[in-house]
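Analysis of the macromolecular model
Spelled out, the chains give:
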Amino acid sequence: MYREIFVPVDNSQHSDWAVDRAIEMCRKTGGRITGNHVYAARLHDVRFRQLETGLPAQFQTPEEIKRQRKIHDKLIEKGLQLIADSFLDQLGKRCEAAGVSLTRQLLEGINYEEIVNEVNRGAGRLPGLIGFDPNRAAGYDGGDRVRSDVKVGENGRLVAEEEDSAARLVGSSGRQYDLLALGAHGLGRQQFSQLGGVVARVLRGVEKDVLIVRDQQPLTGGRFMVCVDGSSYSYKAMKAALELAQDFGGSLYVCSAFDVEYHHVVFHNIKDVLSYQASKVFKFEEQEELHNNIIDKGLLKLCQANLKRAEVMAQQFPDVPLKTQILIGKPFQVIMQWAEEIKPTLLVIGRHGAHRIEDTELGSQSENLVRLAPCSVLLTGVVGVRPEDIPWIEEDGQAGLPWAPEAEVRILRVPPFAQGIARRAVEEYVLEKAGNGGPPPTVTNKWLDEAIQKLLPTHMQLIMGIGSAEEIALAEVKATEQMKATKVQGSDADPVSAVPMIETKCPVTGNVSIRERVVTDPIVWTQEAWQRLQLVPLIARPLARNTVERFARNHDIWRVTTPVMDDNKQAMIEADEFDVDTMMVMFTELRAKQIRAEAEGKDALSPEMRAFIEEAKAQGITRCPIRDIEAKMEKCPVDMKTVTPEDAKRAIEKLLQ
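Read on for a plain summary of the structure. (Residues numbered from 1 in each chain as written. Predicted model: local features only at pLDDT ≥ 70, side-chain atom pairs only at ≥ 80, totals over all residues. Heavy atoms only, no water.)

**A short note on the sheet that holds strand β17 (residues 559-560)**
With parallel pairing, the three strands of this open sheet are ordered in space as β13-β16-β17. Lying at the two open borders of the sheet, with one neighbouring strand each, are β13 (487-488) and β17. (Pairing = 2+ DSSP bridges. Helix = DSSP H or I, 4+ residues; strand = E, 2+ residues; numbered from the N terminus.)

**Observations regarding the packing of helix α4 (residues 111-121) against helix α6 (residues 197-205)**
Axis separation between α4 and α6 bottoms out at 9 Å; the angle between their running directions is 35°. Our pair here, α4 against α6, has a crossing hand that is right-handed. Here α4 contributes Asn 111, Tyr 112, Ile 115, Val 116 and Asn 120 to the contact with α6, which in turn contributes Val 198, Arg 201, Val 202 and Gly 205. Among the residues forming the contact of α4 with α6, the class breakdown is five nonpolar, three polar and one charged. (Axes fitted to C-alpha atoms, helices over the stretch in contact; angles between N-to-C directions. Left-handed = near helix turned anticlockwise from the far one by under 90°. Contact = heavy atoms within 4.5 Å. Nonpolar A, V, L, I, M, F, W, Y, C, P; charged D, E, K, R; others polar.)

**Quick word on the pattern of salt bridges**
Two side chains that carry opposite charge are able to pair once their charged atoms sit near each other. Applying the stated criterion across every chain yields a total of 22 salt bridges. Arg 94 is the salt-bridge partner of Asp 20, the closest N and O atoms lying 2.1 Å from each other. A residue pair is termed long-range when its members are at least 10 positions apart, and Asp 20 in helix α1 (residues 13-29) and Arg 94 in helix α3 (residues 62-98) qualify at 74 residues. Relative accessible area serves as the criterion here: at 25%, Arg 94 is assigned to the partly exposed category. With a closest N to O distance of 2.8 Å, Arg 175 and Asp 141 form a salt bridge. One end of the pair, Arg 175, is in the loop between β5 (146-147) and β6 (179-183); the other, Asp 141, is in the loop between α5 (134-137) and β5, and 34 residues separate them in sequence. The pair Arg 175 / Asp 141 is uniform in exposure class, with both members buried. A cluster of three or more residues bridged by salt bridges with shared partners is formed by Asp 85, Asp 89, Arg 104 and Arg 136. (Salt bridge = Lys/Arg side-chain N within 4 Å of Asp/Glu carboxyl O. Buried < 20%, exposed > 50% of the residue type's maximum accessible area, 1.4 Å probe, protein only.)

**Quick look at the sheet that holds strand β2 (residues 32-39)**
Across a sheet, strands are paired by hydrogen bonds formed along the backbone, either parallel or antiparallel in direction. Strand order across the open sheet formed by ten strands is β3-β2-β1-β6-β7-β12-β11-β8-β9-β10, with mixed pairing between neighbours. Lying at the two open borders of the sheet, with one neighbouring strand each, are β3 (101-108) and β10 (322-328). Within the sheet, the average angular offset between the axes of one strand and its neighbour, ignoring direction, is 20°. The pairing of strand β1 (residues 4-8) with β6 spans two bridges and is parallel.

**Considering unusual backbone geometry**
A positive phi angle, close to 70°, is found at Asn 11, a residue other than glycine. Checked against the element boundaries, Asn 11 lands in the loop between β1 and α1. The exposure class of Asn 11 is partly exposed, given its relative accessible area of 44%. Even without glycine at this site, Lys 343 takes up a positive phi of about 55°. Structurally, Lys 343 can be placed in the loop between α11 (331-342) and β11 (346-350). On the accessibility criterion, Lys 343 (54% relative accessible area) is exposed.

**Some details on the environment of Gly 353**
Positionally, Gly 353 belongs in the loop between β11 and α12 (364-372). For the pair Gly 353 and Ser 366, spaced 13 residues apart in the sequence, the C-alpha separation amounts to 8.2 Å. Excluding residues within four positions of it along the chain, Gly 353 makes contact with Asp 229, Ser 231 and Tyr 233.

**A closer look at α12**
An α-helix turns once per 3.6 residues; consequently, residues spaced three or four apart project the same way. Of all the residues in α12, the buried ones are Ser 366, Glu 367, Leu 369 and Val 370. Angularly, the buried residues of α12 cover 165° about the axis, an arc narrow enough to put them on a single face. Buried residues along α12 sit against α6, β7 (209-213), α11, β11 and β12 (376-380). (Arc of directions from axis to C-beta.)

**Side note on the side chain of Ser 234**
For Ser 234, the position within the fold is in helix α7 (residues 232-247). Ignoring anything within four residues of it in the chain, the contact list for Ser 234 reads Cys 227, Val 228 and Asp 229.

**Observations regarding the pairing of β7**
Counting buried positions along β7 yields five of five residues, so the element is predominantly enclosed. Along β7, one buried face is formed by Asp 209, Leu 211 and Val 213 and the opposite face, lined by Val 210 and Ile 212, is buried too. As paired elements, β6 and β7 share five bridges and run parallel to each other. Bridge pairing links Leu 180 to Val 210 in β7. With α6 bridging β6 and the parallel β7, this β-α-β connection has right-handed handedness. Note: β7 against β12, three bridges, orientation antiparallel. Across the sheet, Ile 212 pairs through a bridge with Val 377, a residue of β12. (Right-handed = clockwise from strand over helix to strand, strands pointing away.)

**What about the packing of aromatic side chains?**
For the structure on display, the rule yields three aromatic pairs. The interplanar angle of 70° and the centroid separation of 5.1 Å between the aromatic rings of Phe 6 and Tyr 177 together place this pair among those described as edge-to-face. With Phe 6 in strand β1 and Tyr 177 in the loop between β5 and β6, the pair connects residues that are 171 residues apart, well separated along the chain. Just as Phe 6 is buried, Tyr 177 falls in that class too. With 5.6 Å between their ring centres and 90° between their planes, Phe 132 and Tyr 140 make a pair best called edge-to-face. Tyr 140 sits in the buried class, given a relative accessible area of 5%. (Phe/Tyr/Trp six-rings, centres within 6.5 Å; stacked < 30°, edge-to-face > 60°.)

**A short note on the side chain of Glu 114**
Residue placement: Glu 114 occurs in helix α4. Within polar-contact distance, the side chain of Glu 114 engages the backbone nitrogen of Arg 125 at 2.9 Å. Each residue touching Glu 114, except ones within four places of it in the same chain, is listed here: Val 38, Leu 107, Glu 108, Gly 109, Gly 124 and Arg 125. (Polar contact = N/O pair within 3.5 Å; in protein donor to acceptor, adjacent residues only side chain to side chain.)

Coordinates in, geometry out; function isn't part of it.
Here is the structure:
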């Protein structure tokens, strides 16, 4: 467990509680505490120079100012070292009484920077101690190099010594720590503070495990609560929680959470802005049914598997009482609610979760819990996290149904995060229809088509390559009709009047008049914004337009320009991502159908559909999203067959800009 514990102290109540928990841990493990205080003498030096203009006249000569600076530098640093030494004195008495080894340490610099550097790499900046007794200095990191004390001259005035700035620092400790233990607040705590300023900054930079102490509850005999989400980060937290519960004779509460409400909120939100025709194309009722039948059930099974893995880990700790719980809702919210119910002594969570994005410092759920949890929190770090440490369970070894090659290729089109759920849903459908008797059935294209048509709404079928050419053409016609209502006028560079005006035309006389705009008037698109909107494939263009216009109305904007679209960039990116994937899959599927039909001497479209498309062309509907994407793909600078999904995504986004 934890044997090298780093404890910053500042004589605050929360700092004292952190010392208590560190001593409690070291008594169990025979470990050592490094007691630390960081001071920033250089900051005081800067402030002193700012105040020099206010000194009396006799101190304003260049020689005297230089002398005062030298005196001030060493005197202030000595004073800060004495204060820090007093803080560490209190820690030393408590460690001595508990029989715990202590190494004292001072660091000079910005507090949170020095703490992060020291905990991660043992690279904090150790200052030379000023005038310390050698026996006392021996208890400090870098105490073998003591600087001379502040000197007083024969006239009773302080002597201005020449000191090399490099000599003020004596190197670094190079120590490897297992845990950083610190109070949730410092001396500057305010009524509505969630975390102290230093703590909040340190949390983002430290890679090791961090114990944030909020109260005086001892760990011995306590209740330990841990959250798992299937990631290797969470199972490192699970291991730490099991070891602590065993060492301190506590009980362990394990939870796994998933959110089913978010999708429903999104569906209703989008549904409110779609026209009647668009809502029929996207079939939101079927989409909601899809999530109820597949996604929500799939997430439930994932949570069950997460807890089963936790139970497998707990088998190695038979003396630890264990209770598991599935929580449904926004993870940090429902975890907080369960914590209010069980009153844990310590909440143990991973720094990141299953959806970690590269280069992020702290997961959003973890950050909310660290700030809001009513108890102390152990945040396990990223050091030593390995995917192979995720426990194995029986479900991991169960082979799925065999898949025919053509069906396997199509299921691989599903985004990676949902692929397992989609594959399992299809297999369950096949087993339900084919029965369990005899050899396991093979998932063929026929089974895949039938399962997807049963489980997915129309637009999701298009993504999977199931949609017919008739459905695509019909969706294009409807999208074109919806886009006719868009009002395009002016340019981004046109000046904006203080009072927005609009031209109105009398439906009887045809006379045009100008009046002040009201909230019910249509949004106006500039030519530049309209041209950018054309980059969105036709089928999804109305949805993209409605998304931007809704953003504009919510911000009291009556004219959509390219800067407005930039402000709404995230919504546009999401629309582009969906439609690029959709159109490319449809293009590949339709091209394959066309090749097969030509090889057999047949028309890929029915006579009725051919007539429908020709009629649409006669009406001026000539743009085809399939051809648009195909033409742009010829200019794509990367080979989609060899690059990673992330590189391919960036290339497509750049291509469509």
